[in-house]
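Breakdown of the fold
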Amino acid sequence: MTELAKSLSGKFIVIDGPDGSGKSTQLRLLAQWLRGGGAEVFETRDPGGTPIGEKIREILLDNACAEMTVGCEIMLYMASRTQLMGELIAPALQRGACVLCDRWVSSTIAYQVAGGAERDDVLRAYEVALRDVWPDLTVILDLPADKGLQRAGRLDGHDRMESKGIEFHRCVRDIFLTQAREHANSFLVVDAEGD
């Protein structure tokens, strides 16, 4: 086992950030690079990742659910996340894999607080759902909201969350950056404006 593989054994790393920041692409590239260094890597996404989580994801992103309250969103995200942790993430960590996850609670804090939720309510729901299990590192891919939505081809909205308007997405970005400042020991901000 290489030094890289040893250092990442059983580590939980989240790639997060605003829409269009390149999370999925960078997660795949990081996974390939880590595997090349001998690390066992497990890739997943939140919400989703499991059959139950994928059904919850469909509901959360469905434009037909426009009347969904922020409280309902929080509980659905936590339900998907709890299933993902129990079914896949915890077993992967226990066997020594490095888990890479596209989004996590940092997204729920950013999006649902931007939508009117209280941050403490999100954190309480997370503590109940996940028993205070936190990522070892959360990487925030940062870029302005308009550039992210433009890059994703979604300035006019695509799913329920992307359709909330540019001011909402600017607030989301600010909340991501605030989290990174408040938790500098476990967050890393990476400029995602480049190609």
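For the structure itself, consult the block above.
Residues numbered from 1 in each chain as written. Predicted model: local features only at pLDDT ≥ 70, side-chain atom pairs only at ≥ 80, totals over all residues. Heavy atoms only, no water.

1. Observations concerning the pairing of strand 1 (residues 12-16)
- Here strand 1 lies mainly inside the structure; five of its five residues are buried.
- When strand 1 meets strand 3 (residues 98-102), the two strands line up parallel, connected through four bridges. Its bridge partner being in strand 3, Val14 is matched across the sheet by Cys101.
- Note: strand 1 against strand 4 (residues 137-142), four bridges, orientation parallel. Paired with Val14 across the bridge in strand 4 is Thr138. (Buried < 20%, exposed > 50% of the residue type's maximum accessible area, 1.4 Å probe, protein only. Helix = DSSP H or I, 4+ residues; strand = E, 2+ residues; numbered from the N terminus. Pairing = 2+ DSSP bridges.)

2. Thoughts on unusual backbone geometry
- Cis geometry is adopted by the peptide bond preceding Pro47, which originates at Asp46 and carries an omega value of 0 degrees.
- Relative to the elements of secondary structure, Pro47 occurs in the loop between strand 2 (41-45) and helix 3 (51-61).
- Despite not being glycine, Arg103 has its phi angle at roughly 80 degrees, a positive value.
- By secondary structure assignment, the location of Arg103 is in the loop between strand 3 and helix 5 (105-114).
- Judged by relative accessible area, which is 12%, Arg103 ranks as buried.

3. A few points about the sheet that holds strand 5 (residues 187-191)
- Strand order in the open sheet formed by five strands is 2-3-1-4-5, with parallel pairing between adjacent strands. Two strands close off the open sheet at either side, each with one partner strand: strand 2 and strand 5. Neighbour to neighbour, the strand axes of the sheet diverge by 20 degrees on average, direction disregarded.
- Packing against the sheet, helix 4 (residues 70-94) makes contact with strand 1, strand 2 and strand 3, and its axis sits at approximately 160 degrees to strand 2. (Axes fitted to C-alpha atoms, helices over the stretch in contact; angles between N-to-C directions. Contact = heavy atoms within 4.5 Å.)

4. Here's the deal with the packing of helix 3 against helix 4
- Axis separation between helix 3 and helix 4 bottoms out at 9 Å; the angle between their running directions is 160 degrees. Taken together, the axis directions place helix 3 and helix 4 in an arrangement best described as roughly antiparallel. In this structure, the crossing between helix 3 and helix 4 has a hand that is left-handed. Touching Pro51, Ile52, Gly53, Ile56, Ile59 and Leu60 of helix 3 are Glu73, Leu76, Tyr77, Ala79, Ser80, Gln83 and Glu87, all from helix 4.
- Residues belonging to the contact of helix 3 with helix 4 are distributed by class as follows: eight nonpolar, three polar and two charged. (Parallel < 35°, antiparallel > 145°, perpendicular 65-115°, else oblique. Left-handed = near helix turned anticlockwise from the far one by under 90°. Nonpolar A, V, L, I, M, F, W, Y, C, P; charged D, E, K, R; others polar.)

5. Points about the layout of surface pockets
- Considered as a void within the structure, the second largest pocket measures approximately 200 Å³ in volume.
- What lines the second largest pocket is a set of 14 residues, among which Val105, Trp134, Gln179, His183 and Phe187 lie closest to the centre.
- The set of elements that each furnish at least two residues to the lining of the second largest pocket consists of helix 5 and helix 6 (119-130).
- The element that contributes the greatest number of residues to the lining of the second largest pocket is helix 5, accounting for three residues.
- A class-by-class count of the residues in the lining of the second largest pocket yields eight nonpolar, five polar and one charged. (1 Å grid on protein atoms, 1.4 Å probe; cavity = no way out; pocket = protein on both sides within 12 Å on 5 of 7 lines; lining within 4 Å. Points joined across faces, edges and corners; volume = space filled by probe spheres on them.)

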